[in-house]
Amino acid sequence: MLRLFSARRRLCALAVAPLVLALASCGGDDAGGSDDPVKVVAGAYPFAYVVEQIGGTMVDVDNLTQPGVEPHDVELTAKQMAAVTDADLVVFLHGFQPQVDEAVDQSGLPDEARLDVADVVELLGVTDDGHTVEEGGKAEDDHTTGDHEGDDPHVWLDPERMSEIADAVAERLAEIDPDNADAYRTNAGALDTELTALDTEFDEGLAQCETRTFVTSHAAFGYLADAYDLTQVAIAGIEPNTEPTTQQLADIADLVESQGVTTVFTEELTSPRTADTIARESGATTAVLSPIEGLTDDDSDDTYLTLMRQNLAALQKANRCS
Ligand SMILES: [Zn+2]
C-alpha cells in the first residue's frame, strides 16, 4: 500500500515538472510575447486561408470580408479599421480593395506589420479599360509601372503564386513570433506540398481539351488562364460591378457560338443575370466557377483547395477535357 502511494507521488511529481518548466519558460519571455496568438488581419478569404493554414492556433485571423460579401468593394466598419490599426500583421493586396488600402495607409503600422501580396508575387496587367476579352486576361508588359492600380489582383487562382504567398506569410510570422518560427515554416512546407499537387492536377486535367476558351462573369481568372494555357473571356471587367456594353455582350454571344463554348460561368457572390442571358441567346448552359474571393456563408465546409478542385472539374466538363 505504501509502495503504491509513493509510486503515485513520483508520477505526480513527474507530471508537474514539465508544467513548471513551461511556466518558467514563458514567465520571463520577450516583450508582448507570452502565449497570446499573433493578431493577423486579412483583406479577403484567400489571404486568411493562407494565414490560418500556416499559423494554426499560433495566430488569430480576422478576415475583413465577411462570408457572402464580394470583397472588391468591401466597406470597413469602425471596428474593422481599429482591428487593422491594432494588428501585429495585415495581409492584403494593394489595388484590390480600396478601403483596405486606405485603412492600412492610415494605420501608422510599421512596415514589418504590413504584408502587401503585390510585393510578393509577380502581377499581370490588365487591358486599358479593365476588360479582359483578350487572351489570358493579360496585357503584355503593362505591369511595370510600379503602381498596382492597373494590375489584376486575383493572384490566388494560380497555385504557384499561392505557394509564394504562403512562404512569405511564414517568413513574416517567423520574424514577428520567432519562438514559433520552425512551426510556421513546417506548416508552409505542408501547404506548398498541397499546392504543388493541385498544380499538377490542373496541368494534367486541362492538358487535352476540345476548346481552350472559357467565359466567366468577371475577369478573375487571368492568372489561372495564364498558368494553364487557357483563354479567359470575361463578361465584366476586373471589378465585378463593371457593366459590359450591348456590343460586348453581342460579341461574347457570337464567340460562344463560334468557338463551341458549352458553358457560361457564373460565380457565387454576384448576380448571374447577364451570364444567363448570354447562355440563353447562344444555346449554352451556365455553371459556377468560383473566383474564391470569399466563402458563401459561415457554415461552408469549402476551403480554397476544395473550391479549386470544383473549378477544375467545372472547366474539364465545360471545355470537354479528357
Ligand atoms: Zn474579383
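About the cut-offs
Residues numbered from 1 in each chain as written. Predicted model: local features only at pLDDT ≥ 70, side-chain atom pairs only at ≥ 80, totals over all residues. Helix = DSSP H or I, 4+ residues; strand = E, 2+ residues; numbered from the N terminus. Contact = placed C-beta atoms within 7 Å. Pairing = 2+ DSSP bridges. Axes fitted to C-alpha atoms, helices over the stretch in contact; angles between N-to-C directions. Buried ≥ 20, exposed ≤ 12 C-beta atoms within 10 Å, placed from the backbone. Parallel < 35°, antiparallel > 145°, perpendicular 65-115°, else oblique. Left-handed = near helix turned anticlockwise from the far one by under 90°. Nonpolar A, V, L, I, M, F, W, Y, C, P; charged D, E, K, R; others polar. Expected span 1.5 Å × (residues − 1). Core = buried A, V, L, I, M, F, W, Y, C linked by C-beta atoms within 7 Å. Domains from an automatic or database assignment.

**Student:** Is there a simple way to think about the overall build of the chain in this case?
**Tutor:** Helices and strands together make up the secondary structure of the chain, namely ten helices and eight strands. When contacts within the chain are restricted to residue pairs at least 6 apart in sequence, those whose partners lie at least 24 apart make up 63%.

**Student:** Looking at this structure, I do not really get the sheet that holds strand 3 (residues 89–92). What am I missing?
**Tutor:** Sheet strands line up and pair through hydrogen bonds in the backbone, either parallel or antiparallel. As summarised here, the arrangement of the four strands in space is 2-1-3-4, forming an open sheet in which the pairing is parallel. The strands lining the two open edges of the sheet, one partner per strand, are strand 2 (59–63) and strand 4 (114–116). Neighbour-to-neighbour, the strand axes of this sheet turn through a mean angle of 20 degrees, independent of strand direction. Where strand 1 (residues 38–42) lies against strand 2, five bridges are found, and the strand directions are parallel. Across the sheet, residue Lys39 finds its bridge partner in strand 2, namely Asp60.

**Student:** Where do I start with the pairing of strand 3 in this structure?
**Tutor:** Within a regular strand, the side chains alternate between the two sheet faces. Residues of strand 3 alternate between two faces, with Leu89 and Val91 on one and Val90 and Phe92 on the opposite face, all of them buried. In this structure, strand 1 lies alongside strand 3, joined through three bridges in parallel fashion. What sits directly across from Val41, in strand 3, is Val90. When strand 3 meets strand 4, the two strands line up parallel, connected through three bridges. Residue pairing across strands places Val91 opposite Leu115, the latter belonging to strand 4.

**Student:** Sorry if this is basic, but what is going on with unusual backbone geometry here?
**Tutor:** Negative phi characterises most residues that are not glycine, and trans characterises most peptide bonds. Unlike most non-glycine residues, Asp229 shows phi in positive territory, near 60 degrees. Inspection of the secondary structure assignment puts Asp229 in the loop between helix 7 (222–227) and strand 6 (231–234). Positive phi outside glycine occurs at Arg320, with the angle close to 50 degrees. For Arg320, the location among the structural elements is in the segment after helix 10 (304–318).

**Student:** I would appreciate a short explanation of the packing of helix 3 (residues 78–86) against helix 4 (residues 98–107) in the present structure.
**Tutor:** A pair of packed helices is characterised by two quantities: the angle between their axes and the separation of those axes. Direction vectors running N to C along helix 3 and helix 4 enclose 50 degrees, while the axes themselves pass 9 Å from each other. When the axes of helix 3 and helix 4 are compared, the pair comes out oblique. Crossing geometry of helix 3 relative to helix 4 is assigned as right-handed. Between helix 3 and helix 4, the contacting residues are Met81, Val84 and Thr85 on the first element and Ala103, Val104 and Ser107 on the second. Tallied by class, the residues present in the contact of helix 3 with helix 4 amount to four nonpolar, two polar and no charged.

**Student:** How do you make sense of helix 2 (residues 45–55) when you look at a structure like this?
**Tutor:** Of all eleven residues in helix 2, ten are buried, a share of seventy percent or more. Buried within helix 2 we find Tyr45, Pro46, Phe47, Ala48, Tyr49, Val50, Val51, Glu52, Ile54 and Gly55. If you follow the buried residues of helix 2, they end up packed against strand 1, strand 2, strand 3, helix 5 (159–176), helix 6 (181–205) and helix 10. Phi turns positive one or two residues past the end of helix 2, at Gly56, with a value near 50 degrees.

**Student:** I keep staring at helix 6 and nothing clicks. Help me out?
**Tutor:** Since the α-helix turns once every 3.6 residues, residues separated by three or four places project in the same direction. Helix length check: helix 6, at 25 residues, gives a terminal C-alpha distance of 36 Å against a target of 36 Å (1.5 Å per residue), a fit within 8%. The elements touched by buried residues of helix 6 are helix 2, helix 5 and helix 10.

**Student:** I'm lost on the nonpolar core in this one. Help?
**Tutor:** Soluble globular proteins tend to pack their nonpolar side chains together in the buried interior. Counting residues in hydrophobic clusters, the biggest one holds 79 residues, and the most contacted among them are Val51, Ile54, Val90, Val91 and Val169. Ranked by residue count, the leading element in this core is helix 2, at seven residues. Two domains each donate at least three residues to this core, and these are domain 1 (38–123 + 155–200) and domain 2 (208–318). Those residues within four positions of Val91 in sequence are excluded, and the remaining contacts are Val40, Ala42, Gly43, Phe47, Val51, Leu115, Val117 and Val169.

**Student:** When you look at the environment of Val120 in this model, what are you seeing that I'm missing?
**Tutor:** Relative to the elements of secondary structure, Val120 occurs in the loop between strand 4 and helix 5. Residues Val120 and Leu93 lie 27 residues apart in sequence; the distance between their C-alpha atoms is 9.6 Å. For Val120, the residues in contact, after removing those within four places along its chain, are Glu164, Ile165 and Ala168.

**Student:** I tried to follow the packing of helix 8 (residues 246–258) against helix 9 (residues 273–282) on my own but got confused; where do I start?
**Tutor:** Contact geometry of helix 8 with helix 9 gives a least axis separation of 9 Å together with a crossing angle of 50 degrees. The orientation of helix 8 with respect to helix 9, classified from their angle, is oblique. Relative to helix 9, helix 8 is oriented so that their crossing is right-handed. Here Leu249, Ile252, Ala253, Val256 and Glu257 of helix 8 lie close against helix 9, whose contacting residues are Ile278, Glu281 and Ser282. When grouped by side-chain class, the residues that make up the contact of helix 8 with helix 9 number five nonpolar, one polar and two charged.

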